[in-house]
Amino acid sequence: MSNLQLFAGAVAIWSTTWIAITFQLGKVAPEASVFYRFALASLALFAWCLARGLPLRFPLRAHAWLVLFGMLTFSVNYLCVYYAEERVVSGLVAVGSSATPLLAMLGMRLFFGAPMAGRVALASALGILGVVLVFVPEVQRAPSWAGVAFIAGGVLSATLGSMVAHRNQEAHLPLWQTMAWGMLYGSATTLAFTLAGGKELTFDASVTYVASLAYLVAFGSILAFASWLTLLKRIGAARAGYVGVMVPVLALLISAAFEGFRFHWLTLAGIAITVAGNAIVLGKSR
């Protein structure tokens, strides 16, 4: 698949997963829902690897990095997202996630000595500005400071996770096996958090919960992360992180179609600026 196809696939899937996540909140503890999601995704990936005869053995040192990758990307990150959405409006979470590409660019410079291209910096700044304009009405509301802290924790965890993913790719760890082990270790970490916090592993057998869980496992976890990790390898963490800027914009369009959201002129201006930044970061020439 081309870079544009991978980018569009990840954006299209992740911009719709917020609808599925809303069906996860309520009867089942967030920790349990995150555990179910990535435990099932991990089992599916291991089955896929075994069916294709892909090697699953790695040195102990590689497993240490896979543990860190799983904890940051598939446990702490998503726990923070679920906790944040229990306390603040989804727009604030989306605004927070738009900082990921800029932080990824700084992280690549700090940890790997990668040059900070002015073109990527400009695109990231435009993306952040655009998403902020889109959600100005929500930003103006008095936020829950606990919610803000969880947003910051999720963004930081996702950024560090992308740094570890880049390191694993530099060490030539294969994509599907890396995802399988990472999601296994992430789900194990979440299970430990669940049990340590005294939460019960309850399950909601309703059609809405099961269907949303299936969608999050197959599309939101396996297909979207496979697309993003492939993109990460091809174009780098900073540019691949721009997925996090486009997701809230498309999610807003979906909200307008299904929830009656009304566009303000700031909303349209924000979308235009974000799309402009998207064109800059994906273009092949200056």
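Residues numbered from 1 in each chain as written. Predicted model: local features only at pLDDT ≥ 70, side-chain atom pairs only at ≥ 80, totals over all residues. Heavy atoms only, no water.

## Here we look at the overall build of the chain
Then step 1. The number of helices and strands found in the chain is 14 helices and zero strands.
Then step 2. Reading the chain from its N terminus to its C terminus gives the helix and strand order α-α-α-α-α-α-α-α-α-α-α-α-α-α.
Then step 3. When contacts within the chain are restricted to residue pairs at least 6 apart in sequence, those whose partners lie at least 24 apart make up 89%.
Then step 4. Carbon together with sulfur atoms contributes 70% to the accessible area of the chain, which is approximately 13400 Å² in total. (Helix = DSSP H or I, 4+ residues; strand = E, 2+ residues; numbered from the N terminus. Contact = heavy atoms within 4.5 Å. Areas by Shrake-Rupley, 256 points an atom, 1.4 Å probe, with all protein chains shown as cover.)

## As for the environment of Val-207
Then step 1. Structurally, Val-207 is set in helix H11 (residues 207-235).
Then step 2. Residue Val-207 is classed as exposed on the basis of its relative accessible area, which comes to 69%.
Then step 3. Taking C-alpha positions, Val-207 is 10.0 Å from Phe-23, a pair spaced 184 residues apart along the chain. (Buried < 20%, exposed > 50% of the residue type's maximum accessible area, 1.4 Å probe, protein only.)

## Points about the packing of helix H4 (residues 60-87) against helix H9 (residues 145-170)
Helix packing for two helices is described by the angle between their axes and how far apart those axes are.
Then step 1. Running from amino to carboxyl end, H4 crosses H9 at an angle of 155°, the nearest separation of the two axes being 8 Å. Comparing their axes, H9 and H4 come out roughly antiparallel. Handedness of the crossing formed by H4 with H9: left-handed.
Then step 2. For the contact of H4 with H9, the class distribution of residues is 16 nonpolar, eight polar and three charged. (Axes fitted to C-alpha atoms, helices over the stretch in contact; angles between N-to-C directions. Parallel < 35°, antiparallel > 145°, perpendicular 65-115°, else oblique. Left-handed = near helix turned anticlockwise from the far one by under 90°. Nonpolar A, V, L, I, M, F, W, Y, C, P; charged D, E, K, R; others polar.)

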